[in-house]
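Notes for the structure review
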Amino acid sequence: MKRGHWRSRWSLVGPAALGVFIIVLPRLISSQWVYGPLLARLRAENFHLRVEDVSLRWLTPIKLRGVSLEQDDRPGKNLLSIREINASKGLLGFLLSRRELGQWKLVEPVVDIELIQDGSNLKDLINAIKGQPNATDEADSGGPKSTPQLNVALLVRQASVIVRRNDLTSPVVVVPPLDVDLAYASAGGSTTLEIGPTRWLDHVKLTPELMQIGLEFALPTLAKSAWLDGEISLDSGAIKIPLDQPANSIGDCQIKFHRVRAGVEEPAMIAVLGMLAKLAGRQSDGEVFLVDGTQVVVVVGDGYVTHSGTKFGLPKVDPRLQLASAGRVGLVDRSLDLTIQLPVPLEWLARNEDVKSIGVPMVSLPVTGTLDDPVVQWVAMREESAELLARIRLLLGDESPAKAAMVGAL
């Protein structure tokens, strides 16, 4: 009787207990199952991930609220905060295809970047996610050593970016809310991040800090500016980044200037501007104006950032003096291979009709070296333009020995 009694009771209690276990299982595993694999990586760089609420059901799409990421040396300041994250499927869907995470919508993420002497807190986060910098610490903590094998699409909505300097209390750059679609894929072997076409900047104030977080590669002639004024807009096409070798990224973008001025500080650029000003009989204070509405085309590929179409002038010297630059910058070694097109303003330097008929010829000035230490190749310009300049000097000789000597110096 007893055995039959227990069997009868179990036949009632067992399925009920199993049903309760299945119902509460999502809550038991919610935090570790959804974002646990990242915790060891983040701890390696002293990051702490917090989630206020996780809604995890078998059939209802997963939802996370109040996601924040904080670093130990910035207590109370979140590098990343996200109001809400919504998945496209529930727990059962993930259990059936764990590598295919489907689509996740990130609502109102805020990235708060702090620039420090040797990089930024964002760089620390990227290293932590990649799992590379502190492999020993990860091994000790039992953390993962390789990138998770999964595919996921991210729909980022109303994202904003704030850039700070650790010596200032107020932000130096604030990027207004933007939308962008991302696709992360690693299940096929190589790990890639694809970024859909989007407008990243829309009449955003141009600052040295904005240059520091990446724009210097696209605008190398402004890389070392004592000050910047004006606004820019930046639109990108599709971008593909192999995360194992980010230097092999491919993509393109367009940068547009809105009443931008700059105070050039780089000695090489100051020398170029000073030479051109002397040719016009003036002096340059290093201030340049980017031609309003100019659109610079930027292409990333083969380990380089290539730009064309940058146009700037010296209105305080003469409004008609306009220069142009094109070339490329190495993503890894920051090497420079640029050409600056300089005008020789003959039509307002000479009364001689033979000289004025030449118009405003352009001469090419190569710039090599690195983004941190550019080198002007004056000899190369002389060799390329020797015949033109010799002819100009000859024609100027009878009219103005001083001007002829000036061109001779050029």
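One can find the structure itself at the top, above this paragraph.
Residues numbered from 1 in each chain as written. Predicted model: local features only at pLDDT ≥ 70, side-chain atom pairs only at ≥ 80, totals over all residues. Heavy atoms only, no water.

On to empty space enclosed by the protein, then. Counting across every chain of the model gives one cavity of 30 Å³ or more. The volume enclosed by the largest cavity comes to roughly 140 Å³. At three residues, the largest contribution of residues to the lining of the largest cavity is made by strand β17 (residues 336-343). Taken together, the residues of the lining of the largest cavity sort by class into 11 nonpolar, one polar and two charged. (1 Å grid on protein atoms, 1.4 Å probe; cavity = no way out; pocket = protein on both sides within 12 Å on 5 of 7 lines; lining within 4 Å. Points joined across faces, edges and corners; volume = space filled by probe spheres on them. Helix = DSSP H or I, 4+ residues; strand = E, 2+ residues; numbered from the N terminus. Nonpolar A, V, L, I, M, F, W, Y, C, P; charged D, E, K, R; others polar.)

This paragraph deals with a nonpolar patch on the surface. There is a patch of nonpolar side chains on the surface, built from Leu59, Leu92 and Leu96 and spanning about 350 Å² of accessible area. Considering the arrangement of structural elements, one finds leucine 59 in the loop between β1 (47-55) and β2 (63-71). A relative accessible area of 70% means that leucine 59 is categorised as exposed. (Patch = residues over 30% accessible without salt bridge, like charges linked within 9 Å, V, L, I, M, F, W, Y side chains within 5 Å. Areas by Shrake-Rupley, 256 points an atom, 1.4 Å probe, with all protein chains shown as cover. Salt bridge = Lys/Arg side-chain N within 4 Å of Asp/Glu carboxyl O. Buried < 20%, exposed > 50% of the residue type's maximum accessible area, 1.4 Å probe, protein only.)

A separate point is the nonpolar core. Core analysis: the biggest nonpolar cluster contains 81 residues, and Trp104, Ile232, Ile255, Leu323 and Leu342 have the highest contact counts within it. In terms of residues, this core owes the most to one element, helix α6 (residues 267-279), which gives eight residues. The contacts of leucine 323, once residues within four sequence positions are left out, are Val272, Leu273, Leu276, Thr310, Lys311, Phe312, Leu314, Ile340, Gln341, Leu342 and Pro343. (Core = buried A, V, L, I, M, F, W, Y, C linked by side-chain atoms within 4.5 Å. Contact = heavy atoms within 4.5 Å.)

Evaluation of the coordinates by the stated rule reveals zero aromatic pairs. The aromatic ring of tyrosine 304 is capped on one face by arginine 328, whose charged end is 3.7 Å from the ring centroid. (Phe/Tyr/Trp six-rings, centres within 6.5 Å; stacked < 30°, edge-to-face > 60°. Lys NZ or Arg CZ within 6 Å of the ring centre and 35° of its normal.)

For strand β13 (residues 287-290) and strand β15 (residues 304-314), the ladder comprises two bridges, and the chain directions are antiparallel. Paired with phenylalanine 289 across the strands is glycine 313, a residue of β15. Sheet topology places β15 next to strand β16 (residues 318-330); nine bridges connect them, and they run antiparallel. The residue bridging histidine 307 from the neighbouring strand is glycine 327, located in β16. A loop of three residues connects β15 with β16, the two strands running antiparallel in sequence. (Pairing = 2+ DSSP bridges.)

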